[in-house]
Structures are given as C-alpha cells and as structure tokens.
Amino acid sequence: QAVARPRFAVVANVEATKKQQKPRPPFEATSWLQVAQKALRLNVKDATAAIQPLFEEGHTTYPRTDTVRVSPDAIEWARAEITRRLGAEYLPPSPWEHKDYGNAQGAHEAIRPTIPHPPTDLNTRQSGQWAQAYALIEARFLASQAAARLVEQTKVLISADGLTFEASGQVE
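Report follows, based on the coordinates. These numbers come from a predicted model, not from an experiment.

Here we come to the packing of aromatic side chains. According to the stated counting rule, one finds 3 aromatic pairs in the structure shown. Here phenylalanine 27 and tryptophan 32 contribute two aromatic rings whose centre-to-centre distance is 5.5 Å and whose plane-to-plane angle is 75 degrees, an arrangement assigned as edge-to-face. Each member of the pair, phenylalanine 27 as well as tryptophan 32, is classed as buried. For the pair tryptophan 77 and phenylalanine 141, a centre-to-centre distance of 6.2 Å together with 10 degrees between the ring planes defines the contact as stacked. Of this pair, tryptophan 77 sits in helix 3 (residues 72-86) while phenylalanine 141 sits in helix 5 (residues 131-143), placing them 64 residues apart in sequence. Residue tryptophan 77 shares its accessibility class with phenylalanine 141, and that shared class is buried.

Now the structure itself:
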C-alpha cells in the first residue's frame with residue numbers, strides 16, 4: 001500500500017558536532033583482502049598474488065598475519081616519514097596504539113613496508129607489477145600513525161504529518 005505524500009515537512013532540529021576520528025590500523029590479512037578488492041578492484045586470488053611477491057622480495061612484512069601490532073622502530077620510521085612528507089602538523093603528539101580484533105595470535109607484525117630502506121629503493125617498490133599494492137600498504141601504514149582527522153557530524157530531524165525522520169552524515 002502506498003504512503004500518502006505529506007503536505008509539508010519541517011526541519012525540527014539540526015545538530016552539528018565536531019569530533020576527531022582515530023586513524024585505522026595497518027593492514028592484517030583480512031583487512032588487506034577487503035581493501036584491495038574495493039580500492040584496487042582485485043579478487044581474493046589476485047589480492048593474495050599481489051602481496052606475496054612484495055613479501056618474498058623483502059618489500060613488506062609477512063602477509064598472512066592476524067595482528068595490527070607494529071614494532072617500535074617501524075612506528076618511529078612512520079612518524080619520521082609523516083613529518084618529512086607532510087609536515088609536523090600531521091603528526092600526533094604520541095604514537096597510536098592499535099588494538100587487535102578478536103583472538104589474534106600475534107605471531108607476526110601487521111602488513112607494512114619493511115624498514116629501513118634507502119630512498120633509492122623506493123623507486124623499485126613503487127614500480128612494476130605490484131606497485132599499486134605496495135602504495136596502498138605504505139599509505140595505510142603511514143596513515144595509521146598520522147594525526148586524527150577532524151570531522152563534522154550533522155544530524156537533522158524532519159517532521160512531516162506527525163512522523164519524524166532522521167538524516168545524518170559527516171564531512172571532513
């Protein structure tokens with residue numbers, strides 16, 4: 001049965017709040033497959049095939065990990081890279097500590113670029129067949145230690161013929 005179209009609607013309330021969002025943790029195996037599928041349009045087989053050679057060539061850490069834990073020297077490198085590439089304003093006062101999900105065994109570190117590596121090695125890592133995969137891994141790892149992003153969340157209540165509707169969204 002069709003619902004009658006209301007004769008008029010009124011914006012009853014608008015709430016806007018600013019908040020900080022902590023960055024996402026570095027990849028573990030499951031999150032890598034999900035993001036690679038969405039961002040790089042790779043199926044599971046191709047996403048797995050993309051990350052394995054990066055590990056075998058020493059460009060990334062072990063790809064079949066279930067943890068988001070990262071070594072202190074890797075965090076130190078990430079913080080230095082963020083400062084070098086983006087500036088100190090994108091660096092939080094202290095490193096983020098990301099928590100594992102569920103029953104992570106934590107035998108390995110999160111998926112991240114191996115360090116130290118000379119800047120000249122960066123050209124090798126960012127070219128070739130799996131350059132996009134490496135770029136995504138590096139970006140996620142660096143972002144995991146960057147400053148929180150500021151977002152404005154807005155909630156609007158709309159009244160129409162005795163009914164109330166809620167719409168919400170956020171912008172950076």
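Further notes follow.
Let us now look at the packing of helix 3 against helix 5. The N-to-C vectors of helix 3 and helix 5 enclose an angle of 95 degrees; their axes lie 9 Å apart at closest approach. Taken together, helix 3 and helix 5 sit at an angle that is classed as roughly perpendicular. Contacts between helix 3 and helix 5 pair Ala74, Ile75, Trp77, Ala78, Glu81, Ile82 and Arg85 from the former with Glu138, Phe141 and Leu142 from the latter. Split into classes, the residues belonging to the contact of helix 3 with helix 5 amount to 7 nonpolar, no polar and 3 charged.

All right, on to the side chain of serine 71 then. Within the secondary structure, serine 71 sits in the loop between helix 2 (44-56) and helix 3. Judged by relative accessible area, serine 71 falls into the buried class, the value being 12%. At 2.4 Å, the side chain of serine 71 and the side chain of aspartate 73 are in polar contact. Each residue touching serine 71, except ones within four places of it in the same chain, is listed here: Glu109 and Arg112.

In this section: the pattern of salt bridges. Proximity of charged atoms lets side chains of opposite charge pair with each other. Tallied over the entire structure, the rule returns 6 salt bridges. One salt bridge in this structure joins arginine 85 and glutamate 81, with 2.8 Å as the shortest N-O distance. One end of the pair, arginine 85, and the other, glutamate 81, are both in helix 3, 4 residues apart, so they sit about a helical turn from each other. We classify arginine 85 as partly exposed; its relative accessible area is 36%. Using a relative accessible area of 10% as the deciding quantity, one classes glutamate 81 as buried. The residue glutamate 138 makes a salt bridge to arginine 85 at a minimum N-O spacing of 3.2 Å. Taken together, the residues glutamate 138 in helix 5 and arginine 85 in helix 3 connect sequence positions 53 residues apart. Take glutamate 138: its relative accessible area is 3%, and that puts it in the buried class. Through salt bridges that share partners, Glu81, Arg84, Arg85 and Glu138 make up one connected network.

Calculation rules
Residues numbered from 1 in each chain as written. Predicted model: local features only at pLDDT ≥ 70, side-chain atom pairs only at ≥ 80, totals over all residues. Heavy atoms only, no water. Phe/Tyr/Trp six-rings, centres within 6.5 Å; stacked < 30°, edge-to-face > 60°. Buried < 20%, exposed > 50% of the residue type's maximum accessible area, 1.4 Å probe, protein only. Helix = DSSP H or I, 4+ residues; strand = E, 2+ residues; numbered from the N terminus. Axes fitted to C-alpha atoms, helices over the stretch in contact; angles between N-to-C directions. Parallel < 35°, antiparallel > 145°, perpendicular 65-115°, else oblique. Contact = heavy atoms within 4.5 Å. Nonpolar A, V, L, I, M, F, W, Y, C, P; charged D, E, K, R; others polar. Polar contact = N/O pair within 3.5 Å; in protein donor to acceptor, adjacent residues only side chain to side chain. Salt bridge = Lys/Arg side-chain N within 4 Å of Asp/Glu carboxyl O.

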